Amino acid sequence: MGRYSRLHRIEQMDPQQDYEEIFRLITEYEFPWDYLQGVSVAFLRDYGVPRISRLLDHTQEFERAGQKRYDDTVLIAHEIVREGMDSAHGRAAARHLNRIHGRYRIANEDYLYVLATTVVGPKRWIDRFGWRPLSPQETESLALVGRHLGEMMGIAELPVDYAEFARLHDSYEQRMFAYDPANRRVAAATLRVVTQWYPHWLRPVVARASLAVLDDSLLTALGFRPQPRRVRTATHRALRARAALLRRLPPRPTWHPYRPKPRTYPFGWTLDELGPHWAHSRPLSPLPDEDGSRPSYGVDGHHTPPAGGGPTHQELR
């Protein structure tokens, strides 16, 4: 198999029909590490919005169990797509995700933005630092997986393609990015999780490199100063050198797809273990296409959780 064999195969596929298979090839073979970096940056972008970071800061999950919170977020998404989004397992994972979110009253536009970061973030990272840019088929597959996930979550007014996701992502940030102390607290807790993956002596370098790949508008919203030019230049060159090396290496073999290796679960995990401890005390609700209804949205555009739901954004301020 040649380095570009999978790309040639993908270019013959129809994203409208094959988006889950293309997504699997992106995340398990072509760009597994880069996709995760893009998702990690997406997490940080969420924290640039005060009403999102205040909610996360209120839960204290990143402060108390940051590694588990990070792993659970990655793993729930993995469980939804692992056997197919419409498989029994994929739908069970989506119900579990909705049960966790159902505790909070979250604006539909915030759901849309967080979803958009998971589509736009990986695309922009891969195009910037991957061993090749994404093809049009791969780009639209990211968007269609995101749209399908949004439908399973009952999110309204979903974008229909990548271009709409990108416009929503950028316009929302222009309106909503602003500094708040909660932004910095949650971002710092997340960066501590990332740096602890490395030896103690290397952690300051990793922390500075992590900040060096973030744009100034996000750094301002998070309350961090831009890194010196020499740090940004060195980080970007190192990432591009990695990409150049990968471009010359053989492709990942078919028998060796990428699989998550979460630090929280060294001996494996079950769906029931993922998420906060209180999640299992809440009832599961049908997915939107299982009971013929969609979640209701009030005049303020907020998703209305089941009776007995948790605090609203206003109550958390």
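Residues numbered from 1 in each chain as written. Predicted model: local features only at pLDDT ≥ 70, side-chain atom pairs only at ≥ 80, totals over all residues. Heavy atoms only, no water.

1. As for the packing of aromatic side chains
Describing an aromatic ring pair means giving the distance of the ring centres and the angle of the ring planes.
Consideration 1: Taken as a whole and judged by the stated rule, the model has eight aromatic pairs.
Consideration 2: With a centroid separation of 5.6 Å and an interplanar angle of 90°, the aromatic rings of Phe-23 and Tyr-35 are classed as edge-to-face. Of this pair, Phe-23 sits in helix H2 (residues 15–30) while Tyr-35 sits in helix H3 (residues 32–46), and the two are twelve residues apart along the sequence. This pair shows no difference in class: Phe-23 is buried, exactly as Tyr-35 is.
Consideration 3: Ring plane angle 25° and centroid distance 5.8 Å describe the contact between Phe-31 and Trp-131, whose orientation is recorded as stacked. Taken together, the residues Phe-31 in the loop between H2 and H3 and Trp-131 in the loop between helix H7 (108–129) and helix H8 (136–153) connect sequence positions 100 residues apart.
Consideration 4: The buried category is assigned to Phe-31, whose relative accessible area is 0%.
Consideration 5: Looking at Trp-131, the relative accessible area reads 1%, which means it is buried.
Consideration 6: Cluster of aromatic residues (ring-pair linked, three or more members): Tyr-4, Phe-31 and Trp-131.
Consideration 7: Sitting above the plane of the Trp-131 ring, Arg-3 keeps its charged end 3.8 Å from the centroid.
Consideration 8: Note that Lys-123 overlies the ring of Tyr-162, its terminal NZ or CZ placed 5.9 Å from the centroid. (Phe/Tyr/Trp six-rings, centres within 6.5 Å; stacked < 30°, edge-to-face > 60°. Helix = DSSP H or I, 4+ residues; strand = E, 2+ residues; numbered from the N terminus. Buried < 20%, exposed > 50% of the residue type's maximum accessible area, 1.4 Å probe, protein only. Lys NZ or Arg CZ within 6 Å of the ring centre and 35° of its normal.)

2. A look at the pattern of salt bridges
Consideration 1: All told, the structure shown has 24 salt bridges when counted by the stated rule.
Consideration 2: Measuring nitrogen to oxygen at the nearest pair gives 2.7 Å for the salt bridge that ties Glu-173 to Arg-45. Of this pair, Glu-173 sits in helix H9 (residues 162–176) while Arg-45 sits in helix H3, and the two are 128 residues apart along the sequence. Each member of the pair, Glu-173 together with Arg-45, is buried.
Consideration 3: With a closest N to O distance of 2.7 Å, Arg-132 and Glu-138 form a salt bridge. (Salt bridge = Lys/Arg side-chain N within 4 Å of Asp/Glu carboxyl O.)

3. Topic: empty space enclosed by the protein
Consideration 1: Tallied over the full model, the rule gives one cavity of 30 Å³ or more.
Consideration 2: Of the pockets and cavities examined, the largest cavity occupies roughly 30 Å³.
Consideration 3: Leu-56, Asp-57, Gln-60, Phe-62, Glu-63, Arg-185, Val-186 and Ala-189 are the residues that line the largest cavity.
Consideration 4: At the level of elements, helix H4 (50–59), helix H5 (61–82) and helix H10 (181–195) are the ones that each hand at least two residues to the lining of the largest cavity.
Consideration 5: Of the residues forming the lining of the largest cavity, the biggest block, three residues, is contributed by H10.
Consideration 6: When grouped by side-chain class, the residues that make up the lining of the largest cavity number four nonpolar, one polar and three charged. (1 Å grid on protein atoms, 1.4 Å probe; cavity = no way out; pocket = protein on both sides within 12 Å on 5 of 7 lines; lining within 4 Å. Points joined across faces, edges and corners; volume = space filled by probe spheres on them. Nonpolar A, V, L, I, M, F, W, Y, C, P; charged D, E, K, R; others polar.)

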